[in-house]
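What follows is the residue order along each chain.
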2 protein chains.
Amino acid sequence: MMPLPSQSTQAPGEFLINGSLGIELTGYAEPRLERARQRFLDVLSRETGIPLWREAVVNKPNFTVHTEGPSLAVQRLGEDESYRLAISTSGVQLSAANPLGVLHGLQTFLLLVRVTPKGFGVPAITIEDKPRFPWRGLLIDSGHRFVRLPVIKRNLDAMEAVKLNVFHWRFSDDAGFHIESKRFPLLQEKASGGFYYTQEEVKEIIAYARDRGIRVVPEFDMPCHTASWFHAYPELGSGHIPGESSAMDPTRESTYEFLNGFIEEMADLFPDAYFHTGGDECDFHEWESNPRIQEYMRVHVIKDGAALQAEFTAKIQTIVAQNKKIMMGWDEVLLPGTPKEVVIQSWRGPKSLADAARNGNRGILSSGYYIDLNWSAAEHYAVDPLGDPSAASLTSEEKARVLGGEATMWTDIVSDENLDNRVWPRTAAIAERLWSAADVRDVDSMYRRLGVVSQKLGYYGVRHRLITEEMLERMSGDPNPVALRVLADVVQPPKGYERQQLRNFGDFTPMNRLDDAVPPESETARVFDDIARRIAAGKATPEDWQQAQTWLTLWRDNDARLQPLLARSFLTQDLVSVSRNLSEVATIGLQALDDLKHDRLVSADVRSQNIDFLNAAAKPQAVVLLMIAPSVETLVKATRSN
Amino acid sequence: MMPLPSQSTQAPGEFLINGSLGIELTGYAEPRLERARQRFLDVLSRETGIPLWREAVVNKPNFTVHTEGPSLAVQRLGEDESYRLAISTSGVQLSAANPLGVLHGLQTFLLLVRVTPKGFGVPAITIEDKPRFPWRGLLIDSGHRFVRLPVIKRNLDAMEAVKLNVFHWRFSDDAGFHIESKRFPLLQEKASGGFYYTQEEVKEIIAYARDRGIRVVPEFDMPCHTASWFHAYPELGSGHIPGESSAMDPTRESTYEFLNGFIEEMADLFPDAYFHTGGDECDFHEWESNPRIQEYMRVHVIKDGAALQAEFTAKIQTIVAQNKKIMMGWDEVLLPGTPKEVVIQSWRGPKSLADAARNGNRGILSSGYYIDLNWSAAEHYAVDPLGDPSAASLTSEEKARVLGGEATMWTDIVSDENLDNRVWPRTAAIAERLWSAADVRDVDSMYRRLGVVSQKLGYYGVRHRLITEEMLERMSGDPNPVALRVLADVVQPPKGYERQQLRNFGDFTPMNRLDDAVPPESETARVFDDIARRIAAGKATPEDWQQAQTWLTLWRDNDARLQPLLARSFLTQDLVSVSRNLSEVATIGLQALDDLKHDRLVSADVRSQNIDFLNAAAKPQAVVLLMIAPSVETLVKATRSN
């Protein structure tokens, strides 16, 4: 299960799932619950291959879903999401105060299903569950890149599976403006590149999300990252030269007149109580170098760009509040005068969140949850919204102001095709951090359960597990690219922003190379690293030794098979040295394994040469990292040297 | 390419596909062509990873699509489907008389795309193409089993890819009636099990098919296979006991009144000129044992059940004709008095088609194209609608009455989940038989190109290549079921109707076992068999020997890894002996390989024992066939014996 529930008690035996499963809805009724049942049965049918989608609605019920009453017409932050799931060998009872808890409970059941010698079953267990944090989000950035609706939908499906409840939908950036405005249609006509969500489509997504217990919070980033808006309305920009401005002009009344109308329209379109106006990363030089803006600042005694942004933020906050919405913004909107109502989204770290809470502002954490940066699941998992040392001294009232967090899928260098494998399965680890108790921290357990969730998400239509294979086939032109797969299995894209430095990414750059294809975290390399550490620590099992030997041999011999194929495709030509390195690293690894097995003394020179080679091989090549190099270094360093 | 075009001339060089591709539509314009372009770009984007779906509409054109004029408002049998596709190193020109040819030409281009050292490209080539037969169909049987709309849609996508142009949609059988009737709503209310296509959905599919150059021909099978109808309207049935009748009562006037109304409604819903009323496999006992029907037959001097069906058919033909449709039926509707207009669909063989043509009736072939029977692609490929010896003597006018053929996907023992892997890729070989010249018959070439098409169909969203892996993961509960995969790779479901005899299939039987999971034809076993034959014939290459050795070793050693896992799941428990057999067969194969390599004399006793074992191992076990057993027998038989 992931996220782990707050309380559970296991009993002996299990509930078997077969063609006689019957599921009934009792208590409060609404069409959303009927749809949830059908969706549940669709996934359960895929998990088991039993056509329950046809049968389980008419069968005699042995699975009762009881809903006490309605949830609010617009899902509200902090609304009751608890549920109780009691599974015995003979039946299942799910109950919740409202449909939100029912949705969560159904997902918990689906994650418990597994095959056994007797059939498909779930263990007998009683679960009482509710979330630790009320705000558990995923940001998808449709500003940098238009993300098509099927991608959005299947990610909402996956969010439901792991109990995330906020879809933060970002619509604009310098690169584009991707939502229809009926009041200012030039925005989509001139700034979208032809691709934008119609308001009908937005409503469809809001309804789709509501069906899954997910709120939709829109973001329109301002006053910076707004170059695209100026294709439509150049007068909004502050730059001297049209087309070279990225920041709005915060000194003109007309800017606020425009934004007043725009925010009014969008506040009406999105029912959620929160409205995100961005506010991040202003380059103040644009304002500070503009004579007209300089003059305004002089007259109004505004000392610098930051102060000018503060004035802008205050005015926008007023507009947002007039539209009965609560403003959200990134770290930068938190300034001494910021109203207490404003919710801060921290990309800088948990410290600024603790500071905000102390200041009286609520906030959510995104620093540490940037899933575009190719961190490991373990690294994300270690980040806690209340994890900063300074948070320890918060009062419980202040702590309650830390609402949760959001994984952020920035789309600078991701495409519709590989987005799923950047988001999943790692975001499930973040979802657990935000739902489960703070002391749920066992990384091995997390990875074990993450593997199960990852497989299950396939039943929801998420494509993360399919992408790599499809892209390797395309890269190689080979329907069964065995040797390329072996290489791909142990490389990763570089972490952080290094990838952008190693490769030129433009708006239309095809994302069809190896660093696009492989998941951000190599599972094989992770498992091999664990084995290498156990071997180095003298704690390895015979199976560990055998597995290390098998893998290293496979990797050593792979280059001979792969090398002749690489020249056939322009997408694999640059992998020549990566493939060779894999072979050489594995050769060193096999030698180290043998030295360790026989407790052999190794020449210090050879050892040091090998370590130098491994360090070099661990550096990015062809925009990928050979992840086994550091693990082999662990083995080499464990050998005895003279 | 598949199907191979009627004429093509290749030139040196290739047309490279990159972000600057621009595609323009000239000549006759209609929204269907715009949609075809966008669909083309979507697939091309998936093939290349280049986001052409965003760019290629606005770029400067280097790919011109010229349409001379409209096609008919309702696509008609025999309408011009020809196109000309001229690809040079600098540009592409596609032209056609109407949108149907354009659709085909776009698909040809997509199948030509491949990765090269310089980029994605298509070879410079000029193609003039048109089909051999005007009727190239796929039957999907929504009668035995309701098939959900996404499955229908992605199969229509695949049909377009291989230029099939008739979707034969069968709605009813004894098991169910799965379409909405507004005149007789009890049909869907009482006979559908709750699952039926609304008329809106049917219209959606008709429009979807039209967009892809595909006609939709409905079938309502009568007067037999109609038990489901009687749940709603028992008076239609001829049986003594309600619920035990499968045949309509052809003696009551009320039957024809009902069918008159029903056919009128459905003829109105389906715009195609053809209307299929089934007519197959009547069990005349039901009529002949009914005293009331006996009496009717005596009074009207009807000598037997066949003659009674002939009377029924004639009356139905009149009703169909009154609704301005052309009746189609299975073999059985062809009788001495059958009107010449009636089109015969032959499930009995090409001879009855030739007979029909001689008789003046047009017909299509389905015998030999039953893709539910797990034949190999080569077996289907060998079947020609004009392939019967008696067809040779047909005049050209008579030959023209053989309109083409249809692959038939009967759904008795297939599910929404594995339907794609039963239909594809083998149906592409049938599509080539129906499109390409009669002398296109090279099986090796077919398999080579079929492999490419199979991979490409993934870009259309067809799931045939994903299904096996997903089902193996589910069966084993293992996200990476390596050893089970090795076994699955060399087994097949039994051919013909043997599978139904080996396993009980009911309406709700889960299709989640190994025989459901594996494709009907094992590619590995096919390639291994080719190698074994070459080795036996003394024509093998060193690579052949090496590949045989590698595979046989893998198979021999697999049981040790797989056996401990099989007991963990109820879906793998019965594979114990199949896995053991694989190992033993491979051991015999390795020995034979070694004997052949060293030209060793083998004891006749051992040889004969081995052949006995291989024969036993080639028989179905756990409802699968171990496909390498006959190939190993080929090796054993090639050894020298004393």
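None of the values given here were measured: they were computed from a predicted structure.

Enquirer: So what about the pattern of salt bridges? Which residues, and what values?
Expert: Under the definition given, this model contains 98 salt bridges over all chains. The salt bridge partner of E219 of chain B is R170 of chain B, with a shortest N-O separation of 3.1 Å. One end of the pair, E219 of chain B, is in strand β12 (residues 215-219); the other, R170 of chain B, is in strand β9 (residues 166-170), and 49 residues separate them in sequence. R170 of chain B sits in the buried class, given a relative accessible area of 1%. Here the salt bridges do not stand alone but share partners, grouping D141, R170, D173, E219 and D221 of chain A into one network.

Enquirer: A description of the state of the cysteines should follow, citing residues and the corresponding values.
Expert: Such a bond, covalent and formed between the sulfur atoms of two cysteines, is termed a disulfide. Residues and elements named next belong to chain A. Tallying each qualifying case throughout the model produces two disulfides over all chains. Covalent S-S linkage joins C224 and C282, the inter-sulfur distance amounting to 1.9 Å. Here the S-S torsion is close to 100°, and the disulfide linking C224 with C282 is therefore right-handed. Within this pair, whereas C224 is found in the loop between β12 (215-219) and α7 (227-232), its partner C282 is found in the loop between β13 (274-276) and α9 (285-288), the two being separated by 58 residues in sequence.

Enquirer: Which residues make up the packing of helix α24 (residues 576-597) of chain A against helix α25 (residues 604-617) of chain A, and what values do they have?
Expert: Pairs of packed helices are described in terms of their axes, by the angle between the two and the distance that separates them. All names here are of chain A. The N-to-C vectors of α24 and α25 enclose an angle of 145°; their axes lie 11 Å apart at closest approach. Once α24 is placed against α25, the crossing between them reads as left-handed. Each of N581, E584, V585 and I588 in α24 lies in contact with α25, whose residues at this interface are N610, F613, L614 and A617. Of the residues belonging to the contact of α24 with α25, the class tally is five nonpolar, two polar and one charged.

Enquirer: Please provide a residue-by-residue account of the UniProt feature "active site" (unreviewed entry) in chain A, values included.
Expert: All names here are of chain A. Taking the UniProt record as the reference, the feature "active site" (unreviewed entry) is found at E281. Among the secondary structure elements, E281 is positioned in the loop between β13 and α9. We classify E281 as partly exposed; its relative accessible area is 45%. With sequence-adjacent residues up to four places away left out, E281 is seen in contact with C224, H225, E332 and W347. One polar contact links E281 to H225, side chain to side chain, over a distance of 2.9 Å.

Enquirer: Outline the relation of the copies chain B and chain A, supporting the account with residue identities and numerical values.
Expert: For the pair chain B and chain A, the superposition axis carries a translation of 0.0 Å, the fit reaches an RMSD of 0.0 Å, and the rotation angle comes to 180°. Here the symmetry operator amounts to a two-fold rotation axis. Considering only C-alpha atoms, the residue of chain B closest to the rotation axis is L466 of chain B, which sits at 4.2 Å. Here 100% of the contact residues of chain B are again contact residues in chain A; the copies associate through an equivalent surface.

Enquirer: Give me the domain arrangement of chain A: which residues, what numbers.
Expert: All names here are of chain A. In terms of domains, chain A is made up of domain 1 (7-129), domain 2 (135-462) and domain 3 (466-641). Tallying the contact residues gives 24 residues for domain 1 and 22 residues for domain 2. Taking both partners together, domain 1 and domain 2 bury about 2,200 Å²; carbon and sulfur atoms supply 49% of that area. Inspection of the region where domain 1 meets domain 2 yields four salt bridges. The tally of links between domain 1 and domain 2 comes to 17 residue pairs in polar contact (both at pLDDT 80 or more).

Enquirer: Outline the side chain of E398 of chain B, listing residues and values.
Expert: Residues and elements named next belong to chain B. For E398, the position within the fold is in helix α14 (residues 396-399). Buried and unpaired, E398 has R401 as its nearest opposite-charge partner, separated by 4.7 Å. Polar contacts involving the side chain of E398 include one to the main-chain amide nitrogen of T395, which spans 2.9 Å. Contact partners of E398, with chain neighbours within four places excluded, come to A357, R358 and S393.

Enquirer: I'd like a description of the packing of helix α1 (residues 31-48) of chain B against helix α3 (residues 99-112) of chain B, backed by residues and values.
Expert: All names here are of chain B. Put simply, α1 and α3 touch, their axes get as near as 10 Å, and they point 5° apart. Comparing the axis directions of α1 and α3 gives the class roughly parallel. For the pair α1 and α3, the contacting residues are R32, L33, A36, R39, F40, V43, L44 and E47 in the first and P99, L100, V102, L103, L106, F109 and L110 in the second.

Enquirer: Explain the pairing of strand β4 (residues 83-87) of chain A to me, using residue names and the numbers behind them.
Expert: Residues and elements named next belong to chain A. In terms of residue burial, β4 counts as a mostly covered element, since four of its five residues are buried. Here β4 runs beside strand β5 (residues 92-96); their pairing, made up of five bridges, is antiparallel. When the bridges of β5 are listed, I87 appears paired with V92. Here β4 hands over to β5 after four residues, the two strands then running antiparallel side by side. Taken together, the five bridges between β4 and strand β7 (residues 119-129) define a ladder with antiparallel strand orientation. Looking across to β7, one finds that A86 is bridged to T126.

Enquirer: Go over the interface of chain B and chain A, please, and point to the residues and values.
Expert: Contacts between chain B and chain A engage 45 residues on the former and 45 residues on the latter. In this assembly, chain B packs against chain A so that about 3,400 Å² is buried in total across both faces, 55% of it on carbon and sulfur atoms. On the chain B side of the contact with chain A, W53, R54 and R474 of chain B bury the most area, a combined 19% of that side's loss. One can count four salt bridges joining chain B with chain A. For the interface between chain B and chain A, the tally reads 20 residue pairs in polar contact (both at pLDDT 80 or more). Counting only elements with at least two residues in the side of chain B that touches chain A, the list comes to α1, α2 (52-55), β6 (114-116), β7 (119-129), α17 (443-459) and α18 (464-476) of chain B. Considering each element in turn, the side of chain B that touches chain A owes the most residues, six residues, to α18 of chain B.

Enquirer: Summarise helix α16 (residues 426-435) of chain A; cite the residues concerned and give the values.
Expert: Side chains three or four residues apart in an α-helix point the same way, a direct result of the helix having 3.6 residues per turn. With 10 of its 10 residues buried, α16 of chain A lies for the most part within the structure. Inspection of α16 of chain A places R426, T427, A428, A429, I430, A431, E432, R433, L434 and W435 of chain A among the buried residues, and these make up the whole buried set.

Enquirer: Give me the side chain of D384 of chain B: which residues, what numbers.
Expert: Residue and element names in this part refer to chain B. Tracing the sequence through the fold places D384 in the loop between α13 (377-381) and α14. The exposure class of D384 is buried, given its relative accessible area of 7%. At 2.9 Å, the side chain of D384 forms a polar contact with the side chain of R132. Of note is the side chain of D384, whose polar atom sits 2.7 Å from the backbone nitrogen of L386. Once residues within four sequence positions are removed from consideration, D384 is found in contact with R132, F133, P350, L365, Y369, R433, A438 and R441.

What counts, and where the lines are drawn
- Residues numbered from 1 in each chain as written.
- Chains lettered and ligands numbered in written order.
- Predicted model: local features only at pLDDT ≥ 70, side-chain atom pairs only at ≥ 80, totals over all residues.
- Heavy atoms only, no water.
- Salt bridge = Lys/Arg side-chain N within 4 Å of Asp/Glu carboxyl O.
- Helix = DSSP H or I, 4+ residues; strand = E, 2+ residues; numbered from the N terminus.
- Buried < 20%, exposed > 50% of the residue type's maximum accessible area, 1.4 Å probe, protein only.
- Disulfide = S-S within 2.5 Å.
- Axes fitted to C-alpha atoms, helices over the stretch in contact; angles between N-to-C directions.
- Left-handed = near helix turned anticlockwise from the far one by under 90°.
- Contact = heavy atoms within 4.5 Å.
- Nonpolar A, V, L, I, M, F, W, Y, C, P; charged D, E, K, R; others polar.
- UniProt positions renumbered as here; feature names shortened; annotations may be inferred.
- Polar contact = N/O pair within 3.5 Å; in protein donor to acceptor, adjacent residues only side chain to side chain.
- Least-squares fit on C-alpha atoms with pLDDT ≥ 70 in both.
- Domains from an automatic or database assignment.
- Buried area = accessible area lost by both parts, 1.4 Å probe.
- Lys, Arg positive; Asp, Glu negative; His and termini not counted.
- Parallel < 35°, antiparallel > 145°, perpendicular 65-115°, else oblique.
- Pairing = 2+ DSSP bridges.

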